[in-house]
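Chain and residue survey
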Amino acid sequence: MTYKKKISELFLIKGGSPQVRIKVSKNTDARNYFFYDQNHLLQDISQSEIEDSAVEKTIKTEDTVEVAEENDLIISLISATSAKVSVQHQGYLISQNYVKLVPIDENIIDENYVIYLLNESHLVKKQLARQLQGSNFVKVTIAILKNLEIPMIPIEKQRQIGKWYMKTNRLNTLRQRVEMNQKRLADELIERGIINATL
């Protein structure tokens, strides 16, 4: 029989930096930070460099702030989705809408398995829906996150599931990219055919 453990028993939870408390600095030596946002999280979930024309939000500060490091496990409290931070988002500022999960013991829990559960598992989604029932806010709180129960299976099985999930996400992204390129090429060929036919 599978037993469960709360996230708070498996991970240290580090909250992001509250944006309103970060003091903007005009000092030229102050560090300029990009804010980690939902687009970055989606890129990290799909393990891709999505071409995004959106202007990235930045802040210049001398304050000590929470930043993302490569392979950090990040959870969005707004979308209740998670990803491992890619190298392209290393050093980005983590706001109060995100938390980092740091495993207490990597021999007990696999981070990729937890990412799979948070993003795909109906068991976890049901727990979240129950916790948020009657709430005016859709945002997940750290208190709710701490109490989420993770089905505990042998670590080797966790690693297999986590590895499979990450690989599947990567393959899906590559497949979508190929399909987009094929459509773009087909559209160009059709356009050329129309132009040539009218000449």
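Summary of the structure given here. The residue count restarts for each chain, going from 1 along the sequence in the order it is written. In view of the model being predicted, local features appear only for residues whose pLDDT reaches at least 70, and side-chain atom pairs are presented and counted only at 80 or more, with totals across whole chains, interfaces and linings using the full set of residues. Hydrogens are left out, water is left out, and the side-chain values use all remaining heavy atoms of the structure.

Here's the deal with the packing of helix 3 (residues 111-120) against helix 4 (residues 122-132)
Where helices are involved, their axes are fitted lines through C-alpha atoms of the stretch in contact, as for all axes, and angles between N-to-C directions lie from 0 to 180°. By the criteria applied, helices consist of DSSP H or I runs no shorter than four residues and strands consist of E runs no shorter than two, each listed in order from the N terminus. Close contact between helix 3 and helix 4 brings their axes to 6 Å; oriented N to C, the two are set at 60 degrees. With respect to their mutual orientation, helix 3 and helix 4 come out oblique. Considering how the two elements wind past one another, helix 3 and helix 4 form a crossing that is right-handed. Between helix 3, through Leu117, Leu118, Asn119 and Glu120, and helix 4, the contact on the second element is made entirely by His122, Val124 and Lys125. Classifying every residue of the contact of helix 3 with helix 4 by side-chain character gives 3 nonpolar, 2 polar and 2 charged. Under this scheme an angle from 65 to 115 degrees is roughly perpendicular, one under 35 degrees roughly parallel, and one over 145 degrees roughly antiparallel; angles in between are oblique. If you view the pair so one helix is near and one far, a crossing is left-handed when the near helix is turned anticlockwise from the far one by less than a right angle, and right-handed when it is turned clockwise. In what follows, residue pairs with any heavy atoms lying within 4.5 Å of each other are defined as contacts. In this classification, Asp, Glu, Lys and Arg are treated as charged, Ala, Val, Leu, Ile, Met, Phe, Trp, Tyr, Cys and Pro as nonpolar, and every other residue, Gly included, as polar.

Digging into a nonpolar patch on the surface
There is a patch of nonpolar side chains on the surface, built from Leu12, Val102 and Ile104 and spanning about 250 Å² of accessible area. Note that Leu12 resides in strand 2 (residues 11-15). Patch membership requires more than 30% relative accessible area and the absence of a salt bridge. Residues of like charge join within 9 Å; the nonpolar side chains Val, Leu, Ile, Met, Phe, Trp and Tyr join within 5 Å. For every accessible area listed, the method is Shrake-Rupley and the probe measures 1.4 Å; residues are considered covered only by the protein chains on display. Any Lys or Arg side-chain nitrogen located within 4 Å of an Asp or Glu carboxyl oxygen qualifies as a salt bridge.

Describing the layout of surface pockets
Here the second largest pocket is characterised by a volume of approximately 170 Å³. A 1.4 Å probe that fits but cannot get out identifies a cavity on a 1 Å grid over protein atoms alone, an open set with protein on both sides within 12 Å along at least five of seven lines counts as a pocket, and a residue lines either if it has an atom within 4 Å of a point. If you trace the second largest pocket, you find 11 residues lining it, with Gln47, Asn71, Lys84, Val85 and Ser86 closest to the centre. Partitioning the lining of the second largest pocket into residue classes produces 2 nonpolar, 6 polar and 3 charged. Grid points are joined across faces, edges and corners, and a volume is the space filled by probe spheres set on the points.

Focus: unusual backbone geometry
Generally, phi is negative for residues other than glycine and the peptide bonds are trans, each holding for most cases. A positive phi angle, near 75 degrees, is found at Asn71, a position not held by glycine. Here Asn71 shows up in the loop between strand 4 (58-61) and strand 5 (73-76). A positive phi angle, near 55 degrees, is found at Ala80, a position not held by glycine. On the secondary structure map, Ala80 appears in the loop between strand 5 and strand 6 (82-84).

Some thoughts on empty space enclosed by the protein
Over the atoms rolls a probe the size of a water molecule, and in doing so it shows where empty space is left. As enumerated under the stated definition, the model contains 1 cavity of 30 Å³ or more in all. Taken as a whole, the largest cavity encloses approximately 40 Å³ of empty space. What lines the largest cavity is simply Ile75, Ser76, Leu77, Ala80, Leu118, Leu128, Val140, Leu145 and Leu148. Class assignment for the residues of the lining of the largest cavity results in 8 nonpolar, 1 polar and no charged.

With respect to the packing of aromatic side chains
Only the six-membered ring of Trp is used, alongside the rings of Phe and Tyr, when aromatic pairs are assigned; centres must lie within 6.5 Å, and planes under 30 degrees apart are stacked while those over 60 apart are edge-to-face, with the rest tilted. Inspection of every chain in the model, using the stated rule, returns 4 aromatic pairs. Here the aromatic rings of Tyr36 and Tyr98 are separated by 5.6 Å at their centres, their planes lie at 85 degrees, and the arrangement is edge-to-face. Taken together, the positions of Tyr36 in the loop between strand 3 (31-34) and helix 2 (38-46) and Tyr98 in strand 7 (residues 98-103) put the pair 62 residues apart, joining distant regions of the chain. Per residue, the accessibility class of Tyr36 equals that of Tyr98, and both read buried. Site record: aromatic cluster; members linked through ring pairs are Tyr116, Trp164 and Tyr165. The residue whose ring lies beneath Lys57 is Phe35, and the NZ or CZ to ring-centre distance is 5.0 Å. Here the term buried applies to any residue with accessible area under 20% of the maximum for its type, exposed to any over 50%, and partly exposed to those in between, with areas from a 1.4 Å probe on protein chains only. Here, a charge over a ring is recorded when the distance from Lys NZ or Arg CZ to the ring centre is within 6 Å and its angle to the ring normal is within 35 degrees.

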